[in-house]
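Each chain is listed here by its residues.
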Amino acid sequence: MTVCKIKTLKNNTRMSTQELLQTISKKIEEGVTDFDIEACGQHDIGGSSWTKSGGSLTFRITNPGQRVGAMAMDGTKIIVEGSAPADVGWLNSGAEITVKGDGGDTSAHCAAGGKIYIGGRTGTRSGALMKHDPKFEPPEFWVLKNTGSFSFEFMSGGIAVICGYDCNELQSVLGNRSCVGMVGGTVYVRGRIYGLASCVETVKLNKFDKDFLKSGMKHFLQNIGRTELEQELLDFSDWCKIVPLPKESKINKITVKEFKAAEWFKDGLFGDLVEDNGEVFSLAQPGKARLRTPVWNKTKCVNCKLCIKNCPQKAIKENYLLIDEKCIGCGICSAVCPVNAWTIS
Ligand code: SF4
Ligand code: SF4
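From a predicted model like this one, the values you see are computed outputs, not experimental measurements.

### Points about the overall build of the protein
Next, step 1: What the protein contains, in helices and strands, is 6 helices and 15 strands.
Next, step 2: For 345 residues, the compact-globule estimate of 2.2 N^0.38 gives 20 Å, and the C-alpha radius of gyration of the protein, at 26 Å, exceeds that figure by more than 25%.
Next, step 3: In terms of principal-axis extent, the alpha carbons of the protein reach across some 80 × 55 × 40 Å.
Next, step 4: Across the 345 residues of the protein, 44% fall into the buried class.
Next, step 5: Where the 43 positive side-chain charges of the protein centre and where its 38 negative ones centre are 7 Å apart.

This is how it looks when you write it as structure tokens:
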């Protein structure tokens, strides 16, 4: 099998991301399936590449930029020697991605399939929005050490394993405020946890959990080159799993405004950056807050009254004056008008 070696820095001239991705794509068309890439911060390497026959692809990469393996397909194998910046395996769709060093912020963000292995630490919001389509195997996200704060935010499916190795100094192997809004999936954790969201609970491992960790740990450690840690990490005395609280215990519903005040802004990133009083508009907002405003052109109108009859808000008077407090900017008046007498912008 021919290995295609690509050096992206020659005579101090750096190949652009676009040039690199086009080169990879051309080589795949020529039948190459195995790549050694000396990158120079180029983005998206290994993701969104595929063979027409559905065959496998392998990428060994050094020094990648953001989104290595983003949207990567089933059958793709990516090995990063060293660390990788943000968005490792973003929206992974089935690839096996190994980063032997640290992963940046938002590793495994939105992952929907495949496996992501991190041989060091990962940053903030890692594993956020992971999901599981039951037609496929759940995505897996394994981290040798710890994640940053806000990880597993709004997770709805999939499995994460945070091994807490070399984390004795840390107050929490998940940072602070992880799992806010988590509604599905499982996060296995070894070590101390602090500041978890109130919508989840920690539970002891059962036999199924232990079998899962035993079966996956060997392959994970082989991939990151740390097989000597197997025995230490499979001592289950320090492990627990985090799962969403059952639906029934969340019956005490709060409004979105109350949720923002109680959960979202608290210690959050956003409160300092934007002014937001937490008000939540309804989907169809009338008056000044509506997204679009219709304007009537008297000279075009043929007085058929279709707009008046079809307006769901009864916002158009008989003389075609608009009642702003009622109009939601839906555009139906413009859509039904046979002579385009209403424009909406
Ligand atoms: S935009 Fe919608 S709500 Fe407003 S006047 Fe037209 S049909 Fe009525
Ligand atoms: S639908 Fe158009 S033509 Fe008919 S009344 Fe309304 S603005 Fe006039």
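Back to the text.
### So, the nonpolar core
Taken as a class, soluble globular proteins show a tendency for nonpolar side chains to be buried jointly.
Next, step 1: The biggest cluster of nonpolar side chains holds 46 residues, and the ones touching the most others in it are I24, F35, I37, F141, F152 and V187.
Next, step 2: Sequence-distant contacts of I24, that is, excluding residues within four places in its chain, are made with I6, F35, I37, I45, S49 and F59.
Next, step 3: In this structure, L144, M217, F220 and F236 belong to the second largest nonpolar core, which totals 20 residues.

### Examining helix α1 (residues 17-29)
Next, step 1: The end-to-end C-alpha distance of α1 is 18 Å, a good match for the 18 Å that 13 residues give at a rise of 1.5 Å each.
Next, step 2: Taken as a whole, α1 has its buried residues at L20, I24 and I28. The buried residues of α1 occupy an angular sector of 75° when projected down its axis, which confines them to one face. Looking at α1, the residues exposed on the side facing more than 90 degrees away from the buried face are Q18, K26 and E29.
Next, step 3: For α1, the elements touching its buried residues are β1 (3-7), β4 (34-38) and β5 (57-62).
Next, step 4: Trailing α1 by a residue or two, G31 shows a phi angle of about 105°, which is positive.

### Looking at the site of ligand 1
Next, step 1: Within the structure, ligand 1 sits among 13 residues, and C311, C327, C330, G331 and C333 are positioned closest to it.
Next, step 2: For the shell around ligand 1, the residue count by class is 10 nonpolar, 3 polar and no charged.

### Points about the packing of aromatic side chains
Between two aromatic rings, the relevant description is the distance of the centres plus the angle of the planes.
Next, step 1: A full pass over the atoms with the stated rule returns 8 aromatic pairs.
Next, step 2: Ring geometry for F141 and F152: centres 6.3 Å apart, planes at 55°, overall tilted. Here the residue F141 occupies a position in strand β9 (residues 140-143), and F152 occupies one in the loop between β9 and β10 (156-162), the gap between them amounting to 11 residues. One exposure class covers both F141 and F152, and it is buried.
Next, step 3: A ring pair is formed by W142 and F220, whose centres lie 5.4 Å apart and whose planes are at 35°; its orientation type is tilted. Here F220 lies in helix α2 (residues 207-224) and W142 lies in strand β9, a separation of 78 residues in the sequence.

### Some words on α2
Next, step 1: Between its terminal C-alpha atoms α2 stretches 26 Å, which fits the 26 Å expected from 18 residues at 1.5 Å a residue.
Next, step 2: Helix geometry: α2 is bent most strongly at M217, by close to 30°.
Next, step 3: Backbone nitrogen of F208 and a side-chain oxygen of the N-cap are separated by 3.1 Å at the start of α2; the cap is N206.

### A word on the pairing of strand β13 (residues 239-244)
Next, step 1: Of all the 6 residues making up β13, 6 are buried; the element is thus mostly covered by neighbouring parts of the structure.
Next, step 2: Burial along β13 is two-sided: W239, K241 and V243 and C240, I242 and P244, pointing in opposite directions, are all buried.
Next, step 3: Pairing of strand β12 (residues 200-203) with β13, which is carried by 4 bridges, proceeds in the antiparallel orientation. Note that in β13 the partner of V200 across the bridge is P244.

### Some remarks on the side chain of D34
Next, step 1: Structurally, D34 is set in strand β4.
Next, step 2: Taking the relative accessible area as the measure of exposure, D34 reaches 7% and is therefore buried.
Next, step 3: Among the polar contacts listed, one links the side chain of D34 to the side chain of R60, at a separation of 2.3 Å.

### Brief notes about the sheet that holds β9
Next, step 1: Spatially, β1-β4-β5-β6-β7-β8-β9-β10-β11-β13-β12 is the arrangement adopted by the 11 strands of the open sheet, whose pairing is mixed. Unpaired on one side and paired on the other, β1 and β12 mark the two borders of the sheet. For this sheet, the mean angle separating the axes of adjacent strands, direction not counted, is 15°.
Next, step 2: In this sheet, strand β6 (residues 76-81) lies alongside β5 in parallel orientation, the contact comprising 6 bridges. Paired with F59 across the bridge in β6 is I78.

### Remarks on the environment of N303
Next, step 1: You can see N303 is positioned in the loop between β14 (294-296) and α5 (306-310).
Next, step 2: Separated by 34 residues in sequence, N303 and C337 place their C-alpha atoms 9.9 Å apart.
Next, step 3: Polar side-chain contacts of N303 include one of 2.5 Å to the side chain of Y320.

### Topic: the pattern of salt bridges
Next, step 1: Under the counting rule described, the total for this entry stands at 18 salt bridges.
Next, step 2: A salt bridge links D209 to K241; the nearest nitrogen and oxygen atoms lie 3.1 Å apart. Note that D209 is positioned in helix α2 and K241 in strand β13, a separation of 32 residues in sequence.
Next, step 3: Looking at D209, the relative accessible area reads 1%, which means it is buried.
Next, step 4: Note on K241: relative accessible area 13%, which makes it buried.
Next, step 5: What you see here is one network of salt bridges that share partners, running through K5, D34, D36 and R60.

Conventions used here
- Residues numbered from 1 in each chain as written.
- Chains lettered and ligands numbered in written order.
- Predicted model: local features only at pLDDT ≥ 70, side-chain atom pairs only at ≥ 80, totals over all residues.
- Heavy atoms only, no water.
- Helix = DSSP H or I, 4+ residues; strand = E, 2+ residues; numbered from the N terminus.
- Rg over C-alpha atoms; globule rule 2.2 N^0.38 Å.
- Buried < 20%, exposed > 50% of the residue type's maximum accessible area, 1.4 Å probe, protein only.
- Lys, Arg positive; Asp, Glu negative; His and termini not counted.
- Charge placed at Lys NZ, Arg CZ, Asp CG, Glu CD.
- Core = buried A, V, L, I, M, F, W, Y, C linked by side-chain atoms within 4.5 Å.
- Contact = heavy atoms within 4.5 Å.
- Expected span 1.5 Å × (residues − 1).
- Arc of directions from axis to C-beta.
- Near = heavy atom within 4 Å.
- Nonpolar A, V, L, I, M, F, W, Y, C, P; charged D, E, K, R; others polar.
- Phe/Tyr/Trp six-rings, centres within 6.5 Å; stacked < 30°, edge-to-face > 60°.
- Bend = angle between axes of the 7 residues up to and from the residue.
- Polar contact = N/O pair within 3.5 Å; in protein donor to acceptor, adjacent residues only side chain to side chain.
- Pairing = 2+ DSSP bridges.
- Axes fitted to C-alpha atoms, helices over the stretch in contact; angles between N-to-C directions.
- Salt bridge = Lys/Arg side-chain N within 4 Å of Asp/Glu carboxyl O.

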